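Topology and contacts: notes
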Amino acid sequence: MNDMTIAVTEVDQTAVQSRPQPKQGVLDIAPYVPGKSKGSNGKTLHKLSSNETPLGFSDAVSAAIEGVAKSLELYPDGGATELRAAIGDVYGLNPDRIICGAGSDEILSMLANTYLDEGDEAIYSEHGFLVYEIAIRAAGATPVVAPEKDFTTDVDAILERVTSRTKMVFLANPNNPTGTYIPFEEVKRLHQALPPHVLLVLDAAYGEYVRRNDYESGIELAATADNVVMTRTFSKIYGLANLRLGWGFGPAHVIDAMNRIRGPFNVSGVAIAAGAAAVRDRSFVTASVEHNEKWLPWVTAELEKLGLTVTPSVGNFVLVHFPDVDGKRATDADTYLLERGCVLRLVGNYGLPNAIRMTIGSEEANRTVVAHLKDFLAQA
């Protein structure tokens, strides 16, 4: 090596070391972009962009929060014992096999950080939740995308992509943003075909809304298999999105490993108390399901009457496809609605550039959006 080479190498190293550098792969991650909260005029009449419930939250939650508010100077219970016990009572689960986090997002990230390493691969479906790719890349692993069939998870496509490097499979069931699901028999077929060292993560964030005889959220498999974990959230049907609360259920050895990297106080005392109260109020959950069962088919039918294509959904939202015509694309509809204070969710970052996701909202919100879309489509 001559003097010139040494000089150049020293300069390059100085440039690299001039500031902290993220580990390899981090800058390849596309930041998660949440749904908009405001219309283009700065005001929002109806926010239907984030799949939030229109029914608010249980009255029991307010009382629970008031009790905790008197002791905010104290650290919360690091094990979320009260919340895990409540979840266990309601679902008939062993609380020792439950882990809680700041939204199911944190549970998904903990799973990736616990089980994925550089050189590993993790699979998810084509239009799956964006957090999967973020969690996989952040752990240093490689994301592998399996194509869907009719906007629905294709089990065979996933299995075709399993290699010796595969360590995890993420399955959102129902899926966001498509609203589709696969029957429990298909989930079991997927699980049975996976190598025993591959962890199957069943994300059932919208599971409470599903009313299909062939659906199961994943509790059965997570209770009996050594390589299945189910995740859930309090952000949707329970109306606690602002508190960031989720939970996972799985084999004791998986929960033990996750707890070793979990932050010691990752769930606030307010969230613990609110979650425990919310999960026990089954009448509120029933009311939420009944509201969705009434308005999901109504919104679907009304949008289809306008000539729009709606992917059949079992969640609390619909995926609406627009005609590929100048002035009638999803982005044009989004602009039109924003100007009128109605906020929906463009899903181009999910590989769906000409579609909008619409949360099932209040009666007023649902009727207003449909009326605006009717006017939008009627324009020359």
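Numbering of residues starts from 1 in every chain and runs along the sequence as written. Note on the predicted model: pLDDT of at least 70 is required for a residue's local features to be given, and 80 or more for side-chain atom pairs to be given and counted; whole-chain, interface and lining totals, by contrast, use all residues. Think of the side-chain values as coming from all heavy atoms in the structure, minus any hydrogens and water.

Time to look at the pairing of strand E6 (residues 199–203). Judged by how many residues are buried, E6 sits mostly within the fold: 5 of 5 residues are covered. Partly exposed residues are those whose accessible area sits between 20% and 50% of the maximum for their type, while under 20% is buried and over 50% is exposed, using a 1.4 Å probe and protein chains only. Helical segments are the DSSP runs of H or I of at least four residues, strand segments are the runs of E of at least two, and each set is numbered from the N terminus. Every second residue of E6 is oriented toward a common face, with Leu 199, Val 201 and Asp 203 on one face and Leu 200 and Leu 202 on the other, all of them buried. Strand direction decides the pairing type here: strand E5 (residues 166–172) and E6, joined by 5 bridges, are parallel. Looking at E6, one finds that Ala 172 is bridged to Asp 203. After leaving E5, the chain enters helix H7 (residues 184–193) and then returns to the sheet as E6, a path that is right-handed. Of the crossover connections in this fold, the one passing from E6 over helix H8 (residues 219–224) to the parallel strand E7 (residues 228–233) is right-handed. Only when DSSP finds a minimum of two bridges between them are two strands counted as paired. The handedness of a crossover follows from its direction of travel: if, with the strands pointing away from the viewer, the path from the first strand over the helix to the second runs clockwise, the crossover is right-handed.

Take the nonpolar core next. Each nonpolar core is a collection of buried residues, namely Ala, Val, Leu, Ile, Met, Phe, Trp, Tyr and Cys, held together in the definition by side-chain atoms within 4.5 Å. Counting 60 residues, the largest nonpolar core has Leu 83, Cys 100, Leu 200, Phe 234, Tyr 238 and Trp 247 as its most contacted members. Ranked by the residues each element gives to this core, the list is headed by helix H10 (residues 269–280), at 9 residues. For every domain, the bounds stem from an assignment made automatically or drawn from a database. Looking at which domains feed residues into this core, each of domain 1 (28–55 + 283–378) and domain 2 (59–281) supplies at least three. Setting aside its immediate chain neighbours within four residues, Phe 234 contacts Leu 83, Ile 87, Gly 239, Leu 240, Ala 241, Leu 245, Gly 246, Trp 247, Gly 275, Ala 278 and Val 279. One finds Leu 116, Ala 135, Ile 136 and Met 168 within the second-largest nonpolar core, a separate group that totals 31 residues. In what follows, residue pairs with any heavy atoms lying within 4.5 Å of each other are defined as contacts.

Take the sheet that holds strand E9 (residues 309–311) next. Ordered in space as E9-E10-E13-E12, the 4 strands form an open sheet in which the pairing is antiparallel. The sheet is open, and its two borders are formed by E9 and strand E12 (345–347), each paired with just one other strand. Taken pair by pair, the neighbouring strands of this sheet meet at an average axis angle of 35°, ignoring direction. Relative to strand E13 (residues 352–359), strand E10 (residues 317–321) is paired through 5 bridges, and the arrangement is antiparallel. Note on E13: the bridge partner recorded for Leu 319 is Arg 357. Between N-to-C directions, angles span 0 to 180 degrees; the directions come from axes that are lines fitted to C-alpha atoms, helices contributing only their stretch in contact. Against the sheet, helix H12 (residues 330–339) engages E12 and E13, with an angle of about 40° to E13.

Further remarks concern helix H11 (residues 282–305). In this analysis, the expected span of each helix is defined as 1.5 Å times one less than the number of residues it contains. Given a rise of 1.5 Å per residue, 24 residues ought to cover 34 Å, and the 35 Å separating the end C-alpha atoms of H11 matches this to within 8%. Taken together, the buried positions of H11 are occupied by Phe 284, Val 285, Ser 288, Val 289, His 291, Asn 292, Trp 295, Leu 296, Val 299, Thr 300, Glu 302 and Leu 303. Downstream of H11 by one or two residues, Gly 307 has phi in the positive range, about 95°.

Moving on: the layout of surface pockets. Taken as a whole, the second largest pocket holds about 240 Å³ of empty space. Think of a 1 Å grid over the protein atoms and nothing else: a 1.4 Å probe that fits but is trapped marks a cavity, an open set flanked by protein within 12 Å on at least five of seven lines marks a pocket, and residues with an atom within 4 Å of a point count as lining. Every residue lining the second largest pocket is listed: Lys 23, Gln 24, Gly 25, Asp 28, Glu 118, Gly 119, Arg 137, Gly 140, Ala 141, Thr 142, Pro 143 and Arg 165. Across the lining of the second largest pocket, the residue classes break down as 2 nonpolar, 5 polar and 5 charged. Grid points are joined across faces, edges and corners, and a volume is the space filled by probe spheres set on the points. Gly is put with the polar residues, along with every residue not named as nonpolar or charged; the nonpolar set is Ala, Val, Leu, Ile, Met, Phe, Trp, Tyr, Cys and Pro, and the charged set is Asp, Glu, Lys and Arg.

Topologically, Glu 208 is positioned in the loop between E6 and H8. The contact partners of Glu 208, leaving out residues within four places of it in the chain, are Tyr 91, Arg 232, Thr 233, Ile 237, Tyr 238 and Val 289. Any pair of N or O atoms that falls within 3.5 Å is considered a polar contact. Within protein, one atom must be able to donate a hydrogen and the other to accept it, and sequence-neighbouring residues count only if both atoms are side-chain atoms. A polar contact of 3.3 Å, which involves the side chain of Glu 208, links it to the side chain of Arg 232.

So, about the domain arrangement of the chain. The assigned domain composition of the chain is domain 1 (28–55 + 283–378) and domain 2 (59–281). If you average the C-alpha positions of domain 1 and of domain 2, the two centres end up 25 Å apart. With 29 residues of domain 1 at the contact, the number on the domain 2 side is 29 residues. Of the roughly 2,600 Å² buried between domain 1 and domain 2 on both sides combined, carbon and sulfur atoms contribute 66%. In short, buried area is how much 1.4 Å probe accessible area vanishes from two parts on joining, totalled over both.

Sheet architecture is open: 7 strands sit in the order E2-E8-E7-E6-E5-E3-E4, paired in mixed fashion. In this open sheet, the two strands that pair with only one neighbour each are strand E2 (98–101) and strand E4 (142–146). Taken over all neighbouring pairs, the strand axes of this sheet differ in orientation by 20° on average, direction set aside. Strand direction decides the pairing type here: E7 and strand E8 (residues 246–249), joined by 4 bridges, are antiparallel. Looking across to E8, one finds that Thr 231 is bridged to Gly 248. Lying over the sheet, H7 contacts E5, E6 and E7, oriented at roughly 160° with respect to E6. Sheet strands in contact with helix H9 (residues 252–259) are E2, E6, E7 and E8, and its direction is about 35° off that of E2.

Let us now look at empty space enclosed by the protein. For the structure on display, the rule yields 1 cavity of 30 Å³ or more. Roughly 30 Å³ of internal volume is contained in the largest cavity. Taken together, Thr 53, Pro 54, Tyr 209, Ser 288, His 291, Asn 292, Asn 316 and Ile 360 make up the full set of residues lining the largest cavity.

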